[in-house]
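Structural features, examined
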Amino acid sequence: MRAWRALLLALLACLAIPAMAGAPKKPIQLDQELYRTVVERIRAGENFYPATMAAQRERSYPVQPALAVRPPTMTWWLALFPNTGTRTAALIALLFGALIALRQSLSDRPPVEALSVVALAVAGLFGAFFPDNVYLHEQWSVLLIMLSLAAYRRPWLMVGLALLAVLVRETALAWLAAIVLNGLWQRDWKRAGMAAAAIALAAGLWLIHAQFVAAQVQPGDLTSPGWVRFGGLPLVIDALRRNLVLTRLPGPLVLALVAASLAAMLRWGREMERTAAIGSAGFLAALTVFGRPDNGYWGFMAAPFVLLGLPLLVRRALPSNRP
């Protein structure tokens, strides 16, 4: 037990090195600054919707349609903390909690295999260590998804955490829908029904969010050019490179590894792996249609999950497991 924790700490320390060197200069940095500004305004006592839309106008960001305005869940949470340092500490604490929960959910696996799964998940979470990434909704939502998957033995908790992830970032809907699909596949009607009800609740809350956004729209406000761009596999590959294992690999090899991993999770995985695979596959398929070239950072949502099937492939390849 102490050995795997020590190794996990070492892995996290290694991942922190790029953060100390500074984040790469990409368009998402502007998004981070926008969300940080909104958090500070909320902490100062302003209301979320007027403050958010004013901040977006100041930076010439679109405020229409409602999808151009992120839901308030993460902002309200971060506003409880006094500064970026304490907010980052909360994110890292959640990251450690999610990894510990993941490891405990693998308690019946061989230690080497369980540690390999955790290490592959860590490789997809390095974004949490870059400066100001605490203000990216994806960083919080993906950890809630991981906690949800780790809680698969408790359907109500699994569904509740997935719902919370959706309320932080709408793209987490792929994994909530995956719980429905896997529940139907396994004839677990209770789990599937709970997840379907959570989707309905999330849709209702989003409609309320859209009404609040519409009430703040002013003449002359910018409208988003939209996200239906059919970016295809290049955007998928860019998104997948948010996992450190895949960062430097050629595109075809990235796709081959991820496809093999997802197939292994569906074929030999348990509840957790199957749900992770279905959600990740759905999310990646959506990226071939939705997303602009600068939206590759959306890949942080799937990066911790797409390679979790590799230990399963290794296990099947070992001579002792051959028929």
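Source: prediction; values computed, not measured. (Residues numbered from 1 in each chain as written. Predicted model: local features only at pLDDT ≥ 70, side-chain atom pairs only at ≥ 80, totals over all residues. Heavy atoms only, no water.)

Let's talk about the overall build of the chain
Across its full length, the chain holds 14 helices and zero strands. Starting at the N terminus and walking to the C terminus, you meet the elements of the chain as α-α-α-α-α-α-α-α-α-α-α-α-α-α. In the chain, which comprises 323 residues, the proportion classed as buried is 52%. Contacts in the chain between residues at least 24 apart in sequence constitute 75% of all its contacts with a sequence separation of at least 6. Summed over all atoms, the accessible surface of the chain reaches about 14500 Å², with 67% contributed by carbon and sulfur. (Helix = DSSP H or I, 4+ residues; strand = E, 2+ residues; numbered from the N terminus. Buried < 20%, exposed > 50% of the residue type's maximum accessible area, 1.4 Å probe, protein only. Contact = heavy atoms within 4.5 Å. Areas by Shrake-Rupley, 256 points an atom, 1.4 Å probe, with all protein chains shown as cover.)

Some details on the environment of Phe129
Looking at where Phe129 falls in the secondary structure, it is placed in the loop between helix H6 (111–123) and helix H7 (137–150). A residue is classified by how much of its surface remains accessible, and Phe129, at 16% relative accessible area, is buried. In this structure the C-alpha to C-alpha distance between Phe129 and Thr88, which are 41 residues apart in sequence, comes to 8.5 Å.

Topic: the pattern of salt bridges
Under the definition given, this model contains 17 salt bridges. One salt bridge connects Arg41 with Glu46, and the closest N-O pair in it is separated by 3.2 Å. In this structure, Arg169 engages Glu170 in a salt bridge whose closest nitrogen and oxygen atoms are separated by 3.1 Å. For the pair formed by Arg169 and Glu170, the shared burial category is buried. (Salt bridge = Lys/Arg side-chain N within 4 Å of Asp/Glu carboxyl O.)

Side note on helix H9 (residues 173–185)
Taking 1.5 Å per residue as the helical rise, H9 with its 13 residues ought to reach 18 Å, and the 18 Å between its terminal C-alpha atoms agrees with that figure. Residues of H9 that are buried in the fold lie against H7, helix H8 (155–168), helix H10 (189–216) and helix H13 (271–287). Looking one or two residues beyond H9, the residue adopting positive phi is Arg187, at roughly 60 degrees. (Expected span 1.5 Å × (residues − 1).)

Details of the packing of helix H5 (residues 84–105) against H7
In contact at an axis separation of 9 Å, H5 and H7 are set at 25 degrees when each is read in the N-to-C sense. By the angle between their directions, the pair H5 and H7 is classed as roughly parallel. Along this stretch, H5 crosses H7, giving a crossing that reads as left-handed. Residues Arg87, Ala90, Leu91, Leu94, Leu95, Gly97, Ala98, Leu99, Ala101, Leu102 and Ser105 of H5 lie in contact with H7, whose contacting residues are Gln139, Trp140, Leu143, Met146, Leu147 and Ala150. (Axes fitted to C-alpha atoms, helices over the stretch in contact; angles between N-to-C directions. Parallel < 35°, antiparallel > 145°, perpendicular 65-115°, else oblique. Left-handed = near helix turned anticlockwise from the far one by under 90°.)

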